[in-house]
Amino acid sequence: MDRETGRPRARSDVQPRSPARNRAANDADYISPLRVRTDDDSGIRRYSSVGSRRSNGSAIPSLAPRTTLAQRTQGKFTLAGPDATPQLRLAQEPFVQPGYADLNPSYEQASNARPVWSLAKPLPRVVRPSMVPTKEELLQNLANAQRPAENSQKLGLEVDPNDLEQGRIDKSSDPRKMAAQVEDARLQRENNFMNKILTGDGTSARQTSRISRTSSTRARRPSAWDLPPDQLSTVQEGDHPSSHEPEERSELGDNEPENEDLGARLDDILELPELEKAGYPEDLHPLVQELVEDEVHNNHTTWSVIRTHHREALAEALGVFIQLTMGFCADLSVTVANQGNPNTTAWAWGLASMMAIYISGGVSGAHLNPVVTLVLWFFRGFPKRKIPEYFAAQFLAAFVSGFVAYGLYYESIQNYLLLNPDTAIINSFVTNSRESWVGSATAFFNEFFATACLTVTVLALGDDQNAPPGAGMNSLVIGLVITCLNMCFAYQTGAAMNPSRDFGPRLALLAVGYPSTMFTNPYWFYGPWAGTLTGGFLGAFLYDFFIFTGGESPVNYPLERIQRAVTKSWMKWKRRLKLE
């Protein structure tokens, strides 16, 4: 902690580094930039030097010992490939000159210090409001405290409450029995969670919880609220409901606070003045707001300060600009040449998307698509306060890229128009029913199904409990997915799968003098807008319904929590619109 500024400094786990080989023996204070990264049990990346380990007497061989595929993968064979080896991770470590981190402190802060809903790596896991009971629900549970597995016992089920808490619920032909066990398990988990909050037992693990696991570790990330197996709340089997006195039925702690004391403590937790800081994501639950780490930034100029506050939107705009400009230019090159394989443009769009994700995936997440942004907000907790800025970046970049591509090919376009109508030029920028026999229903479902396939794949690649590709491979895989989808669906409509990709250049063409029929034809709305939005949400729902197990998805919310969230959102909008 910096005593002068009062803000936490970047945590640096870099240990003293060894002298270089060609340094004199008396230069013991020289710090080598060669670092070896290791992952400890807590999941925190730590750096140690090769030389320091040599000084301890352990010899480092010049070549890594040859190992078999089974040893490298530990028998975990998947179609996504083996996990990255320590040798491979070490090979990717860059040279870092001594003193660089002192002048650029953000370089050594944890790479996962903040959540990034990125298409370039697994999506973050966040605690959403509907996953946590409210103050009123906690007080009600305390007043009407029930025994563990009480709902299950009412239906005559002989179950172990400890098994329920760990999710060991057998399937049954009676949905009521499964629902009762699920309710008991949820209540136990939430009570344990709140008990740790109220007693402060989760403080010691908060530092390690800030570092998310990467796709290469494949080990379960320690959570701030996880209980070790030996500390789980256990309940002796065979206890009869009548043997418990009413004052022994609460699960909110060993020392049961009174309703007034609990209410006051919850007020202190849920109404922290620090929550008003703009740096805290408002979508996260107040109980976990303090886990959001203060970032350290390299602000060297006045512009760097502005860039810091709008870095995500700027990165998103740059990624969209590169993607669409290259895509439009590829379409134009095939069109004005009057020859070429249509699959050329499919490959170009896929590779352009890959480049855009590599460009901005680590900063903004490289959504490149308003549908992806909305899906990640609704199903994965992307902060809604960022949505307007992302939309502005995506649509503005699409508009500018249309102008740039048209300007680059202006002379070729004019030469092409001497002997050909402008239909093909328009089709190079916007999507529509390519042939006369493609009706409105076909065009709608073409965009609907293509976008559904896209969002299913995006969520699958972002699910760290599925089979995410290795580090840096998400961008390539999504690029190949875009290529495949264009080959499958571009013939009939051009495969927008993205409202900004169609709307931006449509406005650009209108500005340079092309006819207004581009907006009088209703396709511009029911294809790249209605079709992609509905398809995107359906695809996300299908993935979460069939595969995803995380509690942050509304598909996995209890029904009463969904109703509570909808009611709360409606009341908030009524206050904003002054309808009360």
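Reading guide: rules and limits
Residues numbered from 1 in each chain as written. Predicted model: local features only at pLDDT ≥ 70, side-chain atom pairs only at ≥ 80, totals over all residues. Heavy atoms only, no water. Helix = DSSP H or I, 4+ residues; strand = E, 2+ residues; numbered from the N terminus. Buried < 20%, exposed > 50% of the residue type's maximum accessible area, 1.4 Å probe, protein only. Contact = heavy atoms within 4.5 Å. Areas by Shrake-Rupley, 256 points an atom, 1.4 Å probe, with all protein chains shown as cover. UniProt positions renumbered as here; feature names shortened; annotations may be inferred. Phe/Tyr/Trp six-rings, centres within 6.5 Å; stacked < 30°, edge-to-face > 60°. Expected span 1.5 Å × (residues − 1). Axes fitted to C-alpha atoms, helices over the stretch in contact; angles between N-to-C directions. Parallel < 35°, antiparallel > 145°, perpendicular 65-115°, else oblique. Left-handed = near helix turned anticlockwise from the far one by under 90°. Nonpolar A, V, L, I, M, F, W, Y, C, P; charged D, E, K, R; others polar. Salt bridge = Lys/Arg side-chain N within 4 Å of Asp/Glu carboxyl O. Patch = residues over 30% accessible without salt bridge, like charges linked within 9 Å, V, L, I, M, F, W, Y side chains within 5 Å. Lys, Arg positive; Asp, Glu negative; His and termini not counted. Charge placed at Lys NZ, Arg CZ, Asp CG, Glu CD. Core = buried A, V, L, I, M, F, W, Y, C linked by side-chain atoms within 4.5 Å. Polar contact = N/O pair within 3.5 Å; in protein donor to acceptor, adjacent residues only side chain to side chain. Bend = angle between axes of the 7 residues up to and from the residue. pLDDT = per-residue confidence, 0-100.

Some details on the overall build of the protein chain
Summing up its helical and strand segments, the protein chain has 23 helices and two strands in all. Out of the 580 residues in the protein chain, the part that is buried amounts to 40%. For the protein chain, restricting intrachain contacts to residue pairs at least 6 apart in sequence, the fraction spanning at least 24 positions comes to 75%. Here the protein chain has roughly 31700 Å² of accessible surface; of this, 56% comes from carbon and sulfur atoms.

Quick look at the UniProt feature "transmembrane region" (unreviewed entry) in the protein chain
Following the UniProt record, the feature "transmembrane region" (unreviewed entry) maps to residues 346-379, 391-409, 437-461, 473-492 and 523-543 here. The annotated region residues 437-461 carries 88% helix and 0% strand content, and the separation between its end C-alpha atoms amounts to 36 Å.

Considerations on the environment of Gln188
Residue placement: Gln188 occurs in helix H8 (residues 175-199). On the basis of relative accessible area, Gln188 is assigned to the buried category, the value being 2%. Taking the C-alpha atoms as reference points, Gln188 and Leu164, separated by 24 residues in sequence, lie 8.5 Å from one another.

Some words on the packing of aromatic side chains
According to the stated counting rule, one finds 28 aromatic pairs in the structure shown. Ring centres of Phe328 and Trp349 lie 5.7 Å apart, and the angle between their planes is 80°; this geometry places the pair in the edge-to-face category. One end of the pair, Phe328, is in helix H12 (residues 311-336); the other, Trp349, is in helix H13 (residues 343-360), and 21 residues separate them in sequence. Each ring, one from Phe541 and one from Phe545, has its centre 5.5 Å from the other, and the planes form 25°; the classification is stacked. Placement of both Phe541 and Phe545 in helix H22 (residues 523-546) is noted, with a separation of four residues, approximately one turn of the helix. Residue Phe545 is classed as exposed on the basis of its relative accessible area, which comes to 52%. What links up through ring pairs into an aromatic cluster is the set Phe391, Phe395, Phe503, Phe519, Trp524, Phe525 and Trp529.

Here we look at helix H20 (residues 499-511)
The end-to-end C-alpha separation of H20 is 18 Å, in line with the 18 Å expected for 13 residues at 1.5 Å each. All buried positions along H20 are accounted for by Pro499, Ser500, Arg501, Asp502, Gly504, Pro505, Arg506, Ala508 and Leu509. Positive phi shows up at Gly513, right after H20, with a value of about 110°.

Brief notes about the packing of H13 against helix H19 (residues 474-493)
The N-to-C vectors of H13 and H19 enclose an angle of 155°; their axes lie 7 Å apart at closest approach. By the angle between their directions, the pair H13 and H19 is classed as roughly antiparallel. At the point where H13 passes H19, the crossing takes the right-handed sense. Note on element contacts: H19 touches H13 through Ser475, Leu476, Ile478, Gly479, Leu480, Ile482, Thr483, Asn486 and Met487, opposite Asn343, Ala346, Trp347, Trp349, Gly350, Leu351, Ser353, Met354, Ile357 and Tyr358. Broken down by class, the residue content of the contact of H13 with H19 amounts to 12 nonpolar, seven polar and no charged.

Points about the pattern of salt bridges
Going through the model one piece at a time under the given rule, you end up with seven salt bridges. Residue Glu312 pairs with Arg114 through a salt bridge whose shortest N-O separation is 2.8 Å. Taken together, the residues Glu312 in helix H12 and Arg114 in the loop between helix H4 (100-103) and helix H5 (135-143) connect sequence positions 198 residues apart. A salt bridge links Arg506 to Asp502, with the nearest nitrogen and oxygen atoms 2.9 Å apart. Of the two residues, Arg506 and Asp502 both sit in helix H20, four residues apart, roughly one turn of that helix. Connected through salt bridges with shared partners, the residues Arg125, Asp463, Asp464 and Glu552 form a single ionic network.

Quick notes on the packing of helix H15 (residues 387-408) against H20
Between H15 and H20, the shortest axis-to-axis distance is 7 Å and the interhelical angle comes to 50°. Taken as axis vectors, H15 and H20 run oblique relative to one another. The way H15 lies across H20 gives a crossing that is right-handed. Of the residues in H20, those touching H15 at Gln394, Phe395, Ala398, Phe399, Gly402, Phe403 and Tyr406 are Pro499, Ser500, Phe503, Gly504, Pro505, Leu507, Ala508, Leu509 and Ala511. Grouping the constituent residues of the contact of H15 with H20 by class yields 12 nonpolar, four polar and no charged.

Thoughts on a positive patch on the surface
A contiguous patch of positive charge, built from Lys568, Lys572, Arg575 and Arg576, is present on the exposed surface. Locating Lys568 in the fold gives a position in helix H23 (residues 559-576). For Lys568, a relative accessible area of 59% puts it in the exposed group.

Structural notes on the nonpolar core
The biggest cluster of nonpolar side chains holds 52 residues, and the ones touching the most others in it are Phe429, Leu509 and Tyr514. Each residue touching Tyr514, except ones within four places of it in the same chain, is listed here: Tyr406, Ile413, Leu417, Asp422, Ile425, Ile426 and Leu509.

Let's talk about the side chain of Ser475
Here Ser475 shows up in helix H19. Setting aside its immediate chain neighbours within four residues, Ser475 contacts Leu119, Ala120, Met354, Ile357 and Tyr358.

Some thoughts on the side chain of Asp463
For Asp463, the location among the structural elements is in the loop between helix H18 (440-461) and H19. Looking at Asp463, the relative accessible area reads 4%, which means it is buried. There is a polar contact of 3.0 Å between the side chain of Asp463 and the backbone nitrogen of Gln465.

Comments concerning unusual backbone geometry
Positive phi, normally seen in glycine, also occurs at Leu368, with a value near 65°. Under the relative-accessibility criterion, Leu368 is labelled buried at 6%. The phi torsion at Met497 lies on the positive side, around 55°, for a residue other than glycine.

Considerations on H19
The terminal C-alpha atoms of H19, which comprises 20 residues, lie 27 Å apart, in line with the 28 Å expected from a rise of 1.5 Å per residue. Helix geometry: H19 is bent most strongly at Met487, by close to 45°. By the burial criterion, the buried members of H19 are Asn474, Ser475, Ile478, Gly479, Val481, Ile482, Thr483, Leu485, Asn486, Phe489 and Thr493. The elements touched by buried residues of H19 are H13, H18 and H22. Gly494 sits one or two positions beyond H19 and adopts a positive phi of about 100°.

What about the environment of Pro115?
Its place among the elements puts Pro115 in the loop between H4 and H5. Spatially, the C-alpha atoms of Pro115 and Gly365 are 9.8 Å apart, while their sequence positions differ by 250 residues.

Some details on the confidence of the model for the protein chain
When the pLDDT values of the protein chain are averaged, the result is 75; 67% of them are 70 or greater. Of all secondary-structure elements in the protein chain, the lowest mean pLDDT belongs to helix H9 (residues 206-209), at 38, while H15 reaches the highest, 97. Within the model, pLDDT remains below 50 along residues 1-62, and this stretch shows 99 contacts once partners closer than five positions in the same chain are excluded. Within the model, the stretch residues 202-257 combines pLDDT values under 50 with 108 contacts to residues more than four positions away or in other chains.

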